[in-house]
Amino acid sequence: MDLYMMNCELLATCSALGYLEGETYHREPDCLESVKDLIRYLRHEDDTRDIRQQLGAGQILQNDLLPIIIQHSQEKQLFDACIRLMVNLTQPALLCFGKVPDDSAFRHHFLQIVSYLQAYKQAFANEKVFGVLSEKLYNLLQMEWEQREEEDNLLIERILLLVRNVLHIPADPYEEKTVDDDASIHDKLLWAMHMSGMDDLLKFLASAPSEQQWSLHVLEVISLMFRDQVRAGLTLYKGGKRSLFKFVFFL
């Protein structure tokens, strides 16, 4: 499924987001409304999850949503809407279908969704992406509890859900047949989180009495960070090589 196979209405909506020119993303005037439209389309997708399949094939998350949050993070409504959309797009395939389908046709759709999720995980293994997420989360946590509005708490929750969803995405065994000193996508993702300071924010959320409502989300994130890790070390990405660091920032 390619971008040109999108239905016309969905294609027009995606085109109204903006475009990437070199390293600069130029958003269109109707960008915010287009993101909201995509959220609405996902509410009404069919049993094959046709909308998220078309968005995955068109690489909308990689080519539009991530550049938008990196370069237009100060536009609060647009940023919030993009985070909300990405939480939906990155939800596990099992959650979309309820179970691994027995029917061969639906199993094909299930595996297609998994492949798009794996592409999303690779796109998130980027220090710029986590730098923006960490900065936004830090600014929200700097606010006193009484000063936070409902929208602020929703954004904190959605950022944590997004991180959880991305960490949950399974590895592609065919793409990650690497030699021993190469880092996996999961390793690179952990390194991006570490370099952005996301690990310190998780440590704060796990220990601050005033932030106890996020405990379950933090526990899920930590658990998924450890997935596929061995012994007492975390495998983190550094200079294209594997290097084991003892897990100390939560101890």
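Refer to the preceding data block for the structure.
Quick caveat, the model's predicted, so the values are computed rather than measured.

### Thoughts on the packing of aromatic side chains
What characterises a pair of aromatic rings is the spacing of the ring centres plus the angle enclosed by the ring planes.
Line of reasoning, step 1. Evaluation of the coordinates by the stated rule reveals one aromatic pair.
Line of reasoning, step 2. Ring geometry for Phe97 against Phe110: centres 5.7 Å apart, planes inclined by 65 degrees, an arrangement best described as edge-to-face. Taken as a pair, Phe97 in helix H6 (residues 93-97) and Phe110 in helix H7 (residues 104-124) lie far apart in primary sequence, 13 residues in all. In this pair, the class of Phe97 matches that of Phe110, namely buried.
Line of reasoning, step 3. Over the ring of Phe79 we find Lys136, and its NZ or CZ is 4.6 Å from the ring centre.

### Things to note about the pattern of salt bridges
Line of reasoning, step 1. According to the stated counting rule, one finds eight salt bridges in the structure shown.
Line of reasoning, step 2. Across the pair Arg52 and Glu45 runs a salt bridge, and its minimum N-O distance is 2.9 Å.
Line of reasoning, step 3. Given the relative accessible area of 4%, Arg52 is considered buried.
Line of reasoning, step 4. Ionic pairing is found between Glu151 and Lys76, a salt bridge with its closest N-O pair at 3.5 Å. Of this pair, Glu151 sits in helix H9 (residues 150-168) while Lys76 is found in helix H5 (residues 76-89), placing the two residues 75 residues apart along the sequence.

### Remarks on the environment of Ile68
Line of reasoning, step 1. Its location among the elements puts Ile68 in helix H4 (residues 60-71).
Line of reasoning, step 2. Judged by its relative accessible area of 0%, Ile68 falls in the buried class.
Line of reasoning, step 3. Separated by eleven residues in sequence, Ile68 and Phe79 place their C-alpha atoms 7.6 Å apart.

Calculation criteria
Residues numbered from 1 in each chain as written. Predicted model: local features only at pLDDT ≥ 70, side-chain atom pairs only at ≥ 80, totals over all residues. Heavy atoms only, no water. Phe/Tyr/Trp six-rings, centres within 6.5 Å; stacked < 30°, edge-to-face > 60°. Helix = DSSP H or I, 4+ residues; strand = E, 2+ residues; numbered from the N terminus. Buried < 20%, exposed > 50% of the residue type's maximum accessible area, 1.4 Å probe, protein only. Lys NZ or Arg CZ within 6 Å of the ring centre and 35° of its normal. Salt bridge = Lys/Arg side-chain N within 4 Å of Asp/Glu carboxyl O.

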